[in-house]
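Read off the chains here:
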Amino acid sequence: MRLFLLCLVLLSMAFFAFGQAGSLPPQALKEVFIQANRLHYFSSGNHLQKIDSTLLKNFQINNLADLLASQSQVFIKSYGLGSLATPSLRGTGASHTAVLWNGFNLQNSMNGNVDFALLPVFFLENAHIQHGGAGALFGSGAVGGAIHLNNTPEFRKGLQFSASLSAGSFADFMQGIKLKISKEKFVSSLKLLHHTAQNNFSFINIAKFGKPTEKQSNSAFSQYGFLQENYFKINDNQQLDLQIWYLNADRQIPPTLTTSESKASQQDESLRLTSNWQLRRKIVTYFVRAAFFKEKLVYQNPDIQLTALSKANTWIGETESKIQLSPYQLLNIGLNHTYFQAETDGYRAGKIQHRTSLFFSHKISSPKDTWNMVIGLRKELIDKHFAPFTPSLGFEKVLNPNWTLKGNIAKTYRVPTFNDLYWQDGGNPNLRPEDGWSGEIGIEYGLGKNLHTRFTAFNSLIDNWIAWLPNSQGRWSANNVLQVWSRGVELSAKSSLTWHDLQIQPKIMYNYVISTNQQIGRGDEQSLYKQLIYVPKHTAQASLSLIYKNLQIFYNHSIIGERFTTSDNTQKLPVFTLGNLSISQKIKYFSFQVQVNNLWNVSYQQIAFRPMPMRNWVGVVSYQF
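Owing to the predicted nature of the structure, the values given are computational and were not obtained by experimental measurement.

### As for the sheet that holds strand S4 (residues 97-101)
And then number 1: Spatially, five strands are ordered S1-S6-S7-S4-S5 in an open sheet, and the strand pairing comes out mixed. Single-partner strands in this sheet number two, and they are strand S1 (47-51) and strand S5 (104-105).
And then number 2: Where S4 and S5 come together, two bridges link them in antiparallel fashion. Looking at the pairing, Trp101 lines up with Phe104 of S5.

Below is the structure:
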């Protein structure tokens, strides 16, 4: 495996050497090859949030969980620095949020999750958050929403290079290199990352008598990887893309507040290969995509003499056509086949699954683009069984130059994971897919770049929610027993003002979410009509960015409401607030940044009995040409 990865890196450097031999003059013009994406063309009526490039740069030393926790309306459940971090959108679970990289779903076939602590922002150039059901567009798992990660090539930009070094509290060190060659018909990009930390921070142990101050132990992590991307413009109408993403992470698993020590550790290794070919004709654009994902997890706990190995492979093939029926009608038809393979000590044997999906979208717009409507359909065959038929309908109506009305209703579903189906102690091969409906209505107000506000009300009902519950003999098993009703509102407002050379950019976001059990299994009657665990009813973020020439000061403040830790809502974690400050300065080819996290030195927990660090800092130096 190491030899294979070394060959990939050497091959990447060969691409760069080829590109360097014919660099373009500095006056070459920027050119972007437009790539079609179902998110942008066919998600009419959904609440979409774009993470702008400035935020991605400010968080380049962080993972995606850190970015979204403070800069989006996604709630992140984190077990600690560098530890497992999963998303929750609109009151749903971690496996109800699809995560797509270049259009391919990254959700693990064994548990349905994506660990955001293993997604470095350093590798990302574009990120969008799609709120609400998107099953017709992106299939199983897009129940609460979807997070889209993409990198888009820019041709004719010449040679670009940057190197970043960071050092911070708790022996946190990161080194990163980005190298890109951009010619008229060829772009190659290589990103290398190495990140380590001891995470031996001090915390107040509220679970012990006297609330002593202790130091976190067995919490170090080491992470390294690379992302190699190549884009070939075959001619003016054709492009071929190839991407390779490798990541290796070693993480110690720290003790909780109620345990004295831990020796457990976990190693994660992933290899992701993707390719995309597109051909543009006068009224039709064709796409053919393929991907291979290989994931390995090794969990070790010497205290109980346990070593557990899990492996998962995914093969994806997809073809679709985007057809311009008229100046006001756009049609999308596609076929996807995904093959999953997994093996672990928890299954009696290796497991496989085939999924074949046919999807369709039709967008109709008015001649003056004052309104549009999208109808979406998807039908999926899982081995020999069909998933629920999945339609959607969305619309957008421009009421006047400042006001826009949006709405969407969609069928949603989630296929049971391999763990739900086949885990030796409690898996249930007779599980049905979760299915339900989600809807939203929103209104936006925009005043150029000076002000943009949005109000969205949403409602979602999910049947056959899979839950692990004990039977009368105390044996836990997976069953389709729950019905979950999620509803609430989302508010956001941002502005951009300029006074002489000073740019002032304030932003606020607020979520109100009620997510309750409407139907429960036997023995769990106390959770009926109660809020789901770790779903706060109230969350809010406010940020202020001040930019003066090459100096930027950025402050973010987050408020996370109470979260119940038991299904009967008898125990909960209190409200906490966090303030983070970032100051950056660019001087010629160098940029300097200082981050102060948890500025007000708050003691808090995101997960019960999992301590989080108090005030800490990190400094970054970057060189770019």
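### Examining the pairing of S4
And then number 1: Judged by how many residues are buried, S4 sits mostly within the fold: five of five residues are covered.
And then number 2: The two faces of S4 match: Thr97, Val99 and Trp101 on one face and Ala98 and Leu100 on the other face are all buried.
And then number 3: In this structure, the hairpin formed by S4 and S5 is closed by a connection of two residues, where Asn102 is found at a positive phi of approximately 55°.

### Quick notes on helix H4 (residues 64-71)
And then number 1: Where burial is concerned, most of H4 is hidden: six out of the eight residues are buried.
And then number 2: Of the positions making up H4, those classed as buried are Leu64, Ala65, Leu67, Leu68, Ser70 and Gln71.
And then number 3: With a side-chain oxygen positioned 3.1 Å from the backbone nitrogen of Ala65, the residue opening H4 is Asn63.

### Overview of the nonpolar core
And then number 1: By size, the foremost hydrophobic cluster in this structure holds 42 residues, and its most contacted members are Ile51, Leu64, Leu67, Leu68, Phe116, Leu119 and Leu149.
And then number 2: When contributions to this core are tallied by element, the ones reaching two or more residues are helix H3 (53-58), H4, S4, strand S6 (126-131), strand S7 (145-150), strand S14 (238-252), strand S16 (284-301) and strand S35 (616-624).
And then number 3: Among the elements that make up this core, the one with the highest residue count is H4 (four residues).
And then number 4: Beyond its immediate chain neighbours, meaning those up to four positions away, Phe116 contacts Asn63, Leu64, Ala65, Leu68, Ile76, Ala85, Pro87, Val99 and Ile147.
And then number 5: Grouped together as the second largest cluster of nonpolar side chains are 13 residues, Ile462, Leu469, Val484 and Ile520 included.

### Quick notes on empty space enclosed by the protein
And then number 1: A full pass over the atoms with the stated rule returns nine cavities of 30 Å³ or more.
And then number 2: Considering only enclosed or pocket space, the second largest cavity measures out at about 410 Å³ in volume.
And then number 3: Taken together, 26 residues line the second largest cavity, and the ones lying closest to its centre are Asn105, Phe138, Ser140, Phe340 and Arg355.
And then number 4: Among the secondary structure elements, those contributing two or more residues to the lining of the second largest cavity are S5, strand S17 (306-326), strand S18 (329-344), strand S19 (351-365) and strand S20 (371-382).

### Some remarks on unusual backbone geometry
And then number 1: At Arg90, a position not held by glycine, the phi torsion is positive, near 55°.
And then number 2: With relative accessibility at 9%, the residue Arg90 sits in the buried group.
And then number 3: With a phi angle near 55°, Lys549 is a residue other than glycine that sits in the positive phi range.
And then number 4: Relative to the elements of secondary structure, Lys549 occurs in the loop between strand S29 (538-548) and strand S30 (551-560).
And then number 5: For Lys549, a relative accessible area of 56% translates into the label exposed.

### A word on the pairing of strand S23 (residues 403-414)
And then number 1: With nine of twelve residues buried, S23 is to be regarded as a mostly interior element.
And then number 2: Relative to S23, strand S22 (residues 390-398) runs antiparallel, the two sharing seven bridges. Note on S23: the bridge partner recorded for Ser392 is Ala410.
And then number 3: Here S22 folds back onto S23, and the loop between the two strands holds four residues.

### Quick word on the pattern of salt bridges
And then number 1: According to the stated counting rule, one finds 21 salt bridges in the structure shown.
And then number 2: For the salt bridge of Arg38 with Glu318, the shortest nitrogen-to-oxygen distance reads 3.6 Å. With Arg38 in helix H2 (residues 38-42) and Glu318 in strand S17, this residue pair connects regions lying 280 residues apart in the sequence. Of the two residues examined, Arg38 and Glu318, each falls in the buried class.
And then number 3: Of the charged contacts in the structure, one is a salt bridge between Glu320 and Arg38, with a shortest N-O distance of 2.7 Å. Of this pair, Glu320 sits in strand S17 while Arg38 sits in helix H2, and the two are 282 residues apart along the sequence. Grouping residues by exposure puts Glu320 and Arg38 together as buried.
And then number 4: What you see here is one network of salt bridges that share partners, running through Arg90, Glu396, Lys406, Glu440, Glu444, Arg454 and Glu490.

### Description of the environment of His354
And then number 1: Mapped onto the elements, His354 comes out in strand S19.
And then number 2: In this structure His354 comes out as partly exposed when scored by relative accessible area, which is 34%.
And then number 3: For the pair His354 and Phe340, spaced 14 residues apart in the sequence, the C-alpha separation amounts to 6.5 Å.
And then number 4: With residues near it in sequence (within four places) discarded, His354 still touches His337, Thr338, Tyr339, Leu381, Ile382 and Asp383.
And then number 5: Reaching out from His354, the side chain makes a polar contact with the side chain of His337 at a distance of 3.2 Å.

### What to know about the packing of aromatic side chains
Describing an aromatic ring pair means giving the distance of the ring centres and the angle of the ring planes.
And then number 1: Within the structure shown, the criterion is met by 21 aromatic pairs.
And then number 2: Summarising the aromatic geometry, the rings of Tyr224 and Tyr246 are spaced 6.4 Å apart at their centres and angled 50° between planes, so their arrangement reads as tilted. Highlighted residues: Tyr224 in strand S13 (residues 221-235) and Tyr246 in strand S14, separated in sequence by 22 residues.
And then number 3: By relative accessible area, Tyr224 is classed as partly exposed at 37%.
And then number 4: Relative accessible area serves as the criterion here: at 4%, Tyr246 is assigned to the buried category.
And then number 5: Taken together, a centroid distance of 4.6 Å and an interplanar angle of 25° make the contact between Phe576 and Tyr604 stacked. Taken together, the residues Phe576 in strand S33 (residues 576-587) and Tyr604 in the loop between strand S34 (590-597) and S35 connect sequence positions 28 residues apart. No difference in accessibility class separates Phe576 from Tyr604, as the two residues are buried.
And then number 6: An aromatic cluster of three or more residues is present, and its members are Phe161, Tyr589, Phe590, Phe592, Tyr623 and Phe625.
And then number 7: When the ring centre of Phe155 is taken as reference, the NZ or CZ atom of Lys233 above it lies at 4.6 Å.

What counts, and at which threshold
- Residues numbered from 1 in each chain as written.
- Predicted model: local features only at pLDDT ≥ 70, side-chain atom pairs only at ≥ 80, totals over all residues.
- Heavy atoms only, no water.
- Pairing = 2+ DSSP bridges.
- Helix = DSSP H or I, 4+ residues; strand = E, 2+ residues; numbered from the N terminus.
- Buried < 20%, exposed > 50% of the residue type's maximum accessible area, 1.4 Å probe, protein only.
- Polar contact = N/O pair within 3.5 Å; in protein donor to acceptor, adjacent residues only side chain to side chain.
- Core = buried A, V, L, I, M, F, W, Y, C linked by side-chain atoms within 4.5 Å.
- Contact = heavy atoms within 4.5 Å.
- 1 Å grid on protein atoms, 1.4 Å probe; cavity = no way out; pocket = protein on both sides within 12 Å on 5 of 7 lines; lining within 4 Å.
- Points joined across faces, edges and corners; volume = space filled by probe spheres on them.
- Salt bridge = Lys/Arg side-chain N within 4 Å of Asp/Glu carboxyl O.
- Phe/Tyr/Trp six-rings, centres within 6.5 Å; stacked < 30°, edge-to-face > 60°.
- Lys NZ or Arg CZ within 6 Å of the ring centre and 35° of its normal.

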